[in-house]
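# Structural features, examined
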Amino acid sequence: MNTSRSELSRLIQKVVGLVISVIVLAIIRAVVIRLPGMDARLIEHLTVADLAASIILIIITFIIISFVKDISYLMIDIVPSFPEISTLITNLAYLITIVIIYTGFDTIFMPWLYRADLPWLYPVVLLLAAAYPLYNIITMLITRSSAVTELFTSQRPAPTATKTVTCPHCNSQVSPFQFCGNCGKELPIATVTQAPPKCGKCGALVKVDASFCTSCGYKLKGEEGGD
């Protein structure tokens, strides 16, 4: 997964912006509902505080939806090998929105549903609404399990044991560089090894005689021969 610094920077900026916006609105909601006069009733079972809290939750919901629309296309550029990530993020956002609606609007709807002897209707409706995005997420994770696995495991070289040599000056076990990391004196040429070559495109470690990178397929050597 080769990701440019600019793409990651844009993603981080959007995530930070979302977090700050949600936190600020949550603080505003907590303050507003405690202001004097907010307990006044507009209609039966509905106070000014309930209405204000619901409006702020609607704003938060729209911010989340807008955020998802922005990053869904950005994530396709960041993870081109898994284009379905856009749909995955969108469905996750729908689930989050449904949870927000369920927890934020129950004080408005539940009193009327209790009066109508239908308290079960509110959770059932929201559960049905959550069924579709949840089905999409589960189906995608099952049908694209190999792509999801590759997304989190690709280009992660297996850890290798670090080679060390004995410094003839201080007898410390140090990495085989030109100078000792413990005493600073120059190591004999025989103990110094060259750093393993890396792919010029993705930075993965490659074999000295390799023609192509095993992580990204980049051609490491010039074309030999001709047609």
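Residues numbered from 1 in each chain as written. Predicted model: local features only at pLDDT ≥ 70, side-chain atom pairs only at ≥ 80, totals over all residues. Heavy atoms only, no water.

## Here's the deal with the overall build of the protein chain
Definition in use: The way it works is that DSSP assigns letters per residue, a run of H or I at least four long becomes a helix, a run of E at least two long becomes a strand, and they are numbered from the N terminus. Three labels apply to residues, based on accessible area from a 1.4 Å probe with only protein chains included: buried if under 20% of the type maximum, exposed if over 50%, partly exposed otherwise in between. Reported accessibility uses the Shrake-Rupley method at a 1.4 Å probe radius. Residues are deemed covered only where the shown protein chains occlude them.
The helix and strand tally for the protein chain stands at six helices and four strands. The 227 residues of the protein chain split such that 28% are buried. For the protein chain, the exposed area adds up to about 15400 Å²; of that, 64% sits on carbon and sulfur atoms.

## Structural notes on the UniProt feature "transmembrane region" (unreviewed entry) in the protein chain
This is how it is decided: UniProt positions are given in the numbering used here, feature names are shortened, and annotations may be inferred rather than shown by experiment.
With numbering matched to this structure, UniProt assigns "transmembrane region" (unreviewed entry) to residues 12-31, 51-71, 92-114 and 120-142. Within residues 12-31, the helical portion is 100% and the strand portion 0%, while the C-alpha atoms at the span's ends are 29 Å from each other. A distance of 31 Å separates the end C-alpha atoms of residues 51-71, which is 100% helix and 0% strand.

## Quick word on the packing of aromatic side chains
To be explicit about the condition: In this scheme Phe, Tyr and Trp rings, the latter by its six-membered ring, pair at centre separations within 6.5 Å, and the angle between planes marks the pair as stacked below 30 degrees, edge-to-face above 60, and tilted otherwise.
Inspection of the entire model under this criterion finds three aromatic pairs. Their ring planes at 15 degrees and their centres at 5.5 Å tell us that Tyr 102 and Tyr 122 sit as a pair that is stacked. Of the two residues, Tyr 102 is situated in helix H3 (residues 85-104) and Tyr 122 in helix H5 (residues 121-143); the sequence distance between them amounts to 20 residues. A relative accessible area of 37% means that Tyr 102 is categorised as partly exposed. On the basis of relative accessible area, Tyr 122 is assigned to the buried category, the value being 9%. Both rings, one in Phe 105 and one in Phe 109, keep their centres 6.5 Å apart while their planes meet at 35 degrees; by these two values the pair is tilted. For Phe 109, a relative accessible area of 38% translates into the label partly exposed.

## Topic: the nonpolar core
Going by this rule: Residue types Ala, Val, Leu, Ile, Met, Phe, Trp, Tyr and Cys, when buried and joined through side-chain atoms within 4.5 Å, form a set referred to as a nonpolar core. Contacts are residue-level and defined by heavy atoms, with any inter-residue pair within 4.5 Å sufficient.
Counting residues in hydrophobic clusters, the biggest one holds 30 residues, and the most contacted among them are Leu 11, Ile 60, Ile 64, Val 68, Met 75, Ile 89 and Tyr 122. Broken down by secondary-structure element, the contributors of at least two residues to this core are helix H1 (5-32), helix H2 (48-78), H3, helix H4 (106-115) and H5. With sequence-adjacent residues up to four places away left out, Tyr 122 is seen in contact with Ile 101, Tyr 102, Phe 105, Asp 106, Phe 109, Met 110 and Leu 113. In this structure, Val 165, Cys 167, Cys 180 and Leu 187 belong to the second largest nonpolar core, which totals five residues.

## What about unusual backbone geometry?
Backbone geometry places Asp 117, a non-glycine residue, at a positive phi of 60 degrees. Looking at where Asp 117 falls in the secondary structure, it is placed in the loop between H4 and H5. Residue Asp 117 is classed as exposed on the basis of its relative accessible area, which comes to 61%. Its identity is not glycine, yet Asn 171 carries a phi of approximately 65 degrees, on the positive side. Of note, Asn 171 is situated in the loop between strand S3 (165-166) and strand S4 (173-174).

## Here we look at the environment of Leu 134
One can find Leu 134 in helix H5. With 43 residues separating them in the primary sequence, Leu 134 and Asn 91 have C-alpha atoms 7.2 Å apart.

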